Amino acid sequence: MAELNPWQTLEALRRELDRVFDETGTRNEPFFRTAFLPGRAARRYPLTNLYEDKDAVYLEALAPGVDPSTLDLSVVGNTLSITGEKRRVAGDVKPEAFHRSERATGKFVRHLQLPVEVDENKVHADYKDGLLIVTLPKAEKAKPKQITVQVG
Amino acid sequence: MAEKTVATPEVPKSNMTESTRHQERYVAPPVDIYETRDGLVVLADLPGVAKDALDVRVDNNVLTIRGHARHVVPGEVTYREYELVNFFRQFELSDKVDQGRISADLKCGVLTLNLPKAEEAKPRQIEVRVG
(Lines give C-alpha, C1' and ligand atoms only; values in the text may rest on other atoms or scores of the structure.)
Protein backbone atom coordinates (compact mmCIF):
# COMPACT_ATOMS: atom_id res chain seq x y z
CA MET A 1 0.00 0.00 0.00
CA ALA A 2 1.19 3.48 -0.76
CA GLU A 3 2.04 5.81 2.08
CA LEU A 4 -1.04 7.29 3.65
CA ASN A 5 -1.41 10.94 2.84
CA PRO A 6 -3.80 12.61 5.29
CA TRP A 7 -4.37 15.62 3.05
CA GLN A 8 -5.33 13.47 0.17
CA THR A 9 -7.73 11.54 2.38
CA LEU A 10 -9.30 14.75 3.64
CA GLU A 11 -9.59 16.09 0.15
CA ALA A 12 -11.30 12.90 -0.96
CA LEU A 13 -13.71 13.16 1.94
CA ARG A 14 -14.52 16.76 1.13
CA ARG A 15 -15.22 15.87 -2.48
CA GLU A 16 -17.43 13.02 -1.41
CA LEU A 17 -19.44 15.28 0.88
CA ASP A 18 -19.74 17.92 -1.81
CA ARG A 19 -20.97 15.30 -4.18
CA VAL A 20 -23.60 14.10 -1.73
CA PHE A 21 -24.90 17.59 -1.12
CA ASP A 22 -24.73 18.50 -4.80
CA GLU A 23 -26.74 15.50 -5.76
CA THR A 24 -29.38 15.94 -3.14
CA GLY A 25 -29.64 19.68 -3.76
CA THR A 26 -30.41 19.42 -7.43
CA ARG A 27 -32.71 16.45 -7.49
CA ASN A 28 -35.64 16.69 -5.10
CA GLU A 29 -33.60 14.78 -2.49
CA PRO A 30 -35.76 11.69 -2.07
CA PHE A 31 -33.14 10.02 0.05
CA PHE A 32 -32.01 12.84 2.28
CA ARG A 33 -35.44 14.02 3.21
CA THR A 34 -36.32 10.66 4.69
CA ALA A 35 -32.97 9.26 5.71
CA PHE A 36 -33.23 10.11 9.39
CA LEU A 37 -36.89 9.52 9.96
CA PRO A 38 -37.85 6.56 12.09
CA GLY A 39 -39.18 3.80 9.94
CA ARG A 40 -39.98 3.84 6.29
CA ALA A 41 -43.66 4.33 6.88
CA ALA A 42 -43.08 7.88 8.06
CA ARG A 43 -43.02 9.22 4.56
CA ARG A 44 -45.42 9.68 1.72
CA TYR A 45 -46.49 6.41 0.27
CA PRO A 46 -46.30 5.38 -2.44
CA LEU A 47 -43.44 7.46 -3.77
CA THR A 48 -44.19 8.61 -7.27
CA ASN A 49 -42.47 9.94 -10.34
CA LEU A 50 -44.24 11.83 -13.07
CA TYR A 51 -43.32 11.67 -16.72
CA GLU A 52 -44.76 13.58 -19.60
CA ASP A 53 -44.79 13.50 -23.35
CA LYS A 54 -46.97 15.41 -25.77
CA ASP A 55 -49.97 13.09 -25.48
CA ALA A 56 -50.03 12.01 -21.89
CA VAL A 57 -48.78 12.23 -18.35
CA TYR A 58 -47.42 9.01 -16.87
CA LEU A 59 -47.25 8.29 -13.18
CA GLU A 60 -44.92 5.64 -11.87
CA ALA A 61 -45.33 4.66 -8.24
CA LEU A 62 -43.12 2.47 -6.12
CA ALA A 63 -45.47 -0.12 -4.69
CA PRO A 64 -43.82 -3.51 -4.27
CA GLY A 65 -45.98 -6.16 -2.67
CA VAL A 66 -49.20 -4.26 -3.00
CA ASP A 67 -51.98 -6.62 -3.96
CA PRO A 68 -53.24 -5.14 -7.26
CA SER A 69 -56.81 -6.07 -6.35
CA THR A 70 -56.71 -3.67 -3.38
CA LEU A 71 -55.60 -0.77 -5.55
CA ASP A 72 -58.17 1.84 -6.25
CA LEU A 73 -57.56 4.83 -8.45
CA SER A 74 -59.77 7.77 -9.17
CA VAL A 75 -59.39 11.00 -11.08
CA VAL A 76 -61.43 14.07 -10.30
CA GLY A 77 -60.48 17.16 -12.25
CA ASN A 78 -56.72 17.13 -12.14
CA THR A 79 -56.42 15.29 -8.83
CA LEU A 80 -55.47 11.64 -8.87
CA SER A 81 -56.19 9.56 -5.77
CA ILE A 82 -54.53 6.24 -5.10
CA THR A 83 -55.60 3.96 -2.28
CA GLY A 84 -54.50 0.44 -1.54
CA GLU A 85 -53.09 -1.90 0.98
CA LYS A 86 -49.79 -3.64 1.34
CA ARG A 87 -50.02 -6.74 3.47
CA ARG A 88 -47.02 -8.03 5.32
CA VAL A 89 -47.19 -11.71 4.47
CA ALA A 90 -49.72 -14.08 3.11
CA GLY A 91 -51.22 -16.12 5.88
CA ASP A 92 -50.76 -15.97 9.58
CA VAL A 93 -47.32 -15.50 11.06
CA LYS A 94 -46.88 -14.94 14.76
CA PRO A 95 -45.05 -11.72 15.63
CA GLU A 96 -42.41 -13.63 17.57
CA ALA A 97 -41.55 -15.64 14.46
CA PHE A 98 -40.06 -12.54 12.84
CA HIS A 99 -36.30 -12.18 12.83
CA ARG A 100 -36.36 -9.03 10.80
CA SER A 101 -39.11 -6.67 9.85
CA GLU A 102 -37.97 -3.85 7.62
CA ARG A 103 -40.63 -3.69 4.94
CA ALA A 104 -43.27 -1.03 5.32
CA THR A 105 -46.83 -2.31 5.30
CA GLY A 106 -50.34 -1.01 5.79
CA LYS A 107 -53.07 0.92 4.06
CA PHE A 108 -52.31 4.06 2.18
CA VAL A 109 -54.02 6.97 0.50
CA ARG A 110 -52.34 9.52 -1.65
CA HIS A 111 -53.71 12.44 -3.61
CA LEU A 112 -51.66 13.98 -6.37
CA GLN A 113 -52.15 17.19 -8.28
CA LEU A 114 -51.50 16.60 -11.95
CA PRO A 115 -49.74 19.33 -13.88
CA VAL A 116 -52.27 19.35 -16.73
CA GLU A 117 -55.90 18.52 -17.33
CA VAL A 118 -56.37 14.90 -18.28
CA ASP A 119 -59.04 12.97 -20.10
CA GLU A 120 -60.64 11.13 -17.19
CA ASN A 121 -62.26 8.52 -19.41
CA LYS A 122 -59.08 7.29 -20.98
CA VAL A 123 -56.95 6.80 -17.88
CA HIS A 124 -55.55 3.32 -17.50
CA ALA A 125 -53.24 1.67 -15.01
CA ASP A 126 -50.83 -1.25 -15.10
CA TYR A 127 -49.06 -3.01 -12.31
CA LYS A 128 -45.76 -4.63 -13.17
CA ASP A 129 -42.82 -5.80 -11.07
CA GLY A 130 -43.97 -3.83 -8.06
CA LEU A 131 -44.42 -0.61 -10.01
CA LEU A 132 -47.79 0.99 -10.58
CA ILE A 133 -47.89 2.77 -13.91
CA VAL A 134 -50.81 5.05 -14.63
CA THR A 135 -51.22 6.51 -18.08
CA LEU A 136 -53.21 9.72 -18.06
CA PRO A 137 -53.89 11.02 -21.58
CA LYS A 138 -54.03 14.78 -21.72
CA ALA A 139 -57.30 16.52 -22.39
CA GLU A 140 -57.55 17.82 -25.96
CA LYS A 141 -57.23 21.42 -24.88
CA ALA A 142 -54.08 20.70 -22.89
CA LYS A 143 -52.23 19.18 -25.82
CA PRO A 144 -49.68 21.27 -27.63
CA LYS A 145 -50.83 22.46 -31.03
CA GLN A 146 -48.56 22.63 -33.96
CA ILE A 147 -49.02 25.89 -35.78
CA THR A 148 -47.89 26.02 -39.36
CA VAL A 149 -46.28 29.21 -40.44
CA GLN A 150 -47.69 30.43 -43.71
CA VAL A 151 -45.22 31.89 -46.05
CA GLY A 152 -46.96 34.72 -47.80
CA MET B 1 -28.63 -15.84 9.89
CA ALA B 2 -25.96 -13.18 10.01
CA GLU B 3 -25.82 -10.40 7.55
CA LYS B 4 -22.79 -9.10 5.79
CA THR B 5 -23.13 -5.40 5.33
CA VAL B 6 -21.81 -4.95 1.87
CA ALA B 7 -23.62 -1.90 0.60
CA THR B 8 -21.60 -0.98 -2.45
CA PRO B 9 -19.81 -3.91 -3.96
CA GLU B 10 -17.38 -3.83 -6.81
CA VAL B 11 -17.36 -0.10 -7.22
CA PRO B 12 -14.36 0.50 -9.40
CA LYS B 13 -12.20 2.92 -7.48
CA SER B 14 -10.46 5.14 -9.91
CA ASN B 15 -8.03 7.72 -8.66
CA MET B 16 -10.37 9.83 -6.49
CA THR B 17 -11.16 12.33 -9.22
CA GLU B 18 -14.50 13.58 -10.50
CA SER B 19 -15.51 10.30 -12.02
CA THR B 20 -18.23 9.43 -9.54
CA ARG B 21 -21.09 10.37 -11.84
CA HIS B 22 -21.72 7.18 -13.75
CA GLN B 23 -21.09 4.55 -11.15
CA GLU B 24 -23.87 2.10 -10.63
CA ARG B 25 -25.64 2.70 -7.38
CA TYR B 26 -26.72 -0.14 -5.16
CA VAL B 27 -28.97 -0.18 -2.15
CA ALA B 28 -29.85 -2.92 0.27
CA PRO B 29 -33.50 -3.86 -0.21
CA PRO B 30 -35.64 -3.97 2.96
CA VAL B 31 -36.38 -7.52 4.02
CA ASP B 32 -38.66 -9.38 6.36
CA ILE B 33 -37.39 -12.67 7.71
CA TYR B 34 -39.58 -15.04 9.63
CA GLU B 35 -39.30 -18.55 10.84
CA THR B 36 -41.69 -21.37 10.29
CA ARG B 37 -41.52 -24.92 11.52
CA ASP B 38 -39.85 -26.01 8.31
CA GLY B 39 -37.48 -23.16 7.71
CA LEU B 40 -36.92 -19.48 7.18
CA VAL B 41 -38.80 -17.25 4.78
CA VAL B 42 -37.14 -14.12 3.43
CA LEU B 43 -39.23 -11.45 1.74
CA ALA B 44 -37.42 -8.65 -0.07
CA ASP B 45 -38.96 -5.61 -1.74
CA LEU B 46 -37.41 -5.24 -5.18
CA PRO B 47 -39.56 -2.76 -7.11
CA GLY B 48 -38.80 -2.48 -10.80
CA VAL B 49 -36.79 -5.68 -10.97
CA ALA B 50 -37.96 -8.09 -13.64
CA LYS B 51 -37.36 -11.82 -13.30
CA ASP B 52 -34.53 -11.89 -15.80
CA ALA B 53 -32.77 -8.99 -14.07
CA LEU B 54 -32.64 -10.76 -10.74
CA ASP B 55 -29.80 -12.95 -9.61
CA VAL B 56 -30.09 -15.04 -6.45
CA ARG B 57 -27.24 -17.35 -5.60
CA VAL B 58 -25.67 -19.25 -2.75
CA ASP B 59 -21.93 -19.54 -2.69
CA ASN B 60 -19.77 -20.49 0.27
CA ASN B 61 -22.72 -20.24 2.64
CA VAL B 62 -23.42 -16.72 1.47
CA LEU B 63 -26.78 -15.93 -0.03
CA THR B 64 -26.58 -13.05 -2.49
CA ILE B 65 -29.52 -11.12 -3.89
CA ARG B 66 -28.73 -8.82 -6.76
CA GLY B 67 -31.26 -7.10 -8.97
CA HIS B 68 -31.28 -4.41 -11.60
CA ALA B 69 -34.27 -2.14 -11.68
CA ARG B 70 -35.49 -0.58 -14.89
CA HIS B 71 -37.87 2.26 -15.59
CA VAL B 72 -40.42 1.31 -18.21
CA VAL B 73 -42.26 4.59 -18.51
CA PRO B 74 -42.04 6.70 -21.68
CA GLY B 75 -41.69 10.45 -21.72
CA GLU B 76 -39.55 12.99 -19.93
CA VAL B 77 -39.47 13.06 -16.17
CA THR B 78 -41.15 16.15 -14.76
CA TYR B 79 -41.33 15.35 -11.07
CA ARG B 80 -39.20 12.88 -9.18
CA GLU B 81 -39.43 11.44 -5.70
CA TYR B 82 -37.27 8.38 -6.19
CA GLU B 83 -34.81 6.83 -8.50
CA LEU B 84 -34.78 3.18 -9.30
CA VAL B 85 -31.49 1.82 -8.17
CA ASN B 86 -29.89 -1.58 -8.23
CA PHE B 87 -30.31 -3.87 -5.28
CA PHE B 88 -27.67 -5.87 -3.52
CA ARG B 89 -27.71 -7.70 -0.23
CA GLN B 90 -25.90 -10.64 1.24
CA PHE B 91 -26.74 -12.96 4.09
CA GLU B 92 -24.58 -15.56 5.66
CA LEU B 93 -26.38 -18.85 5.99
CA SER B 94 -25.88 -21.26 8.82
CA ASP B 95 -25.35 -24.97 8.27
CA LYS B 96 -28.86 -25.53 9.47
CA VAL B 97 -30.28 -24.38 6.15
CA ASP B 98 -30.64 -27.05 3.52
CA GLN B 99 -28.97 -25.13 0.72
CA GLY B 100 -29.93 -27.56 -1.98
CA ARG B 101 -33.63 -26.96 -1.49
CA ILE B 102 -33.78 -23.16 -1.40
CA SER B 103 -36.53 -21.87 -3.64
CA ALA B 104 -37.22 -18.36 -4.90
CA ASP B 105 -40.33 -16.71 -6.22
CA LEU B 106 -40.72 -13.18 -7.56
CA LYS B 107 -44.19 -11.71 -7.54
CA CYS B 108 -45.42 -8.11 -7.57
CA GLY B 109 -41.92 -6.82 -6.95
CA VAL B 110 -41.43 -8.97 -3.87
CA LEU B 111 -38.91 -11.77 -3.80
CA THR B 112 -39.87 -14.68 -1.56
CA LEU B 113 -37.11 -17.05 -0.60
CA ASN B 114 -37.81 -20.28 1.19
CA LEU B 115 -34.84 -21.58 3.12
CA PRO B 116 -35.77 -25.03 4.41
CA LYS B 117 -34.16 -26.26 7.58
CA ALA B 118 -31.86 -29.21 7.27
CA GLU B 119 -33.42 -32.39 8.60
CA GLU B 120 -31.21 -32.53 11.68
CA ALA B 121 -32.16 -28.96 12.63
CA LYS B 122 -35.90 -29.55 12.65
CA PRO B 123 -37.69 -29.79 15.96
CA ARG B 124 -38.36 -33.37 16.82
CA GLN B 125 -40.98 -34.85 19.00
CA ILE B 126 -39.54 -37.46 21.31
CA GLU B 127 -41.83 -40.13 22.35
CA VAL B 128 -41.76 -40.90 26.03
CA ARG B 129 -41.97 -44.56 26.74
CA VAL B 130 -43.38 -45.69 29.95
CA GLY B 131 -41.32 -48.60 31.15
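Everything that follows concerns the structure shown earlier in this document.
Residues numbered from 1 in each chain as written. Chains lettered and ligands numbered in written order. Predicted model: local features only at pLDDT ≥ 70, side-chain atom pairs only at ≥ 80, totals over all residues.

**Description of the interface of chain A and chain B**
Facing 35 residues of chain A, the contacting portion of chain B comprises 32 residues. Those elements that place two or more of their residues in the side of chain A that touches chain B are helix 1 (6–26), strand 1 (48–52), strand 2 (56–62), strand 5 (98–101) and strand 8 (131–137) of chain A. Considered class by class, the residues forming the side of chain A that touches chain B number 16 nonpolar, seven polar and 12 charged. (Contact = placed C-beta atoms within 7 Å. Helix = DSSP H or I, 4+ residues; strand = E, 2+ residues; numbered from the N terminus. Nonpolar A, V, L, I, M, F, W, Y, C, P; charged D, E, K, R; others polar.)

**So, the sheet that holds strand 7 (residues 76–80) of chain B**
Hydrogen bonds along the backbone pair up the strands of a sheet, which may run parallel or antiparallel. An order of 7(A)-8(A)-2(A)-1(A)-7(B) is seen for the five strands of this open sheet, with the pairing classed as antiparallel. Both edges of this open sheet fall to strand 7 (124–128) of chain A together with strand 7 of chain B, since each of them pairs with a single strand only. Geometrically, the sheet is characterised by an average inter-axis angle of 20° between neighbouring strands, direction not taken into account. When strand 1 of chain A meets strand 2 of chain A, the two strands line up antiparallel, connected through five bridges. Bridge assignment links leucine 50 of chain A to a residue of strand 2 of chain A, and that residue is leucine 59 of chain A. (Pairing = 2+ DSSP bridges. Axes fitted to C-alpha atoms, helices over the stretch in contact; angles between N-to-C directions.)

**Observations concerning the pairing of strand 5 (residues 49–59) of chain B**
Residues and elements named next belong to chain B. As paired elements, strand 5 and strand 6 (residues 62–69) share seven bridges and run antiparallel to each other. Counted as the bridge partner of aspartate 59 is valine 62 from strand 6. What sits between strand 5 and strand 6 in their antiparallel hairpin is a turn of two residues, with asparagine 60 showing a positive phi close to 55°.

By themselves, these figures tell us nothing about what the structure is for.
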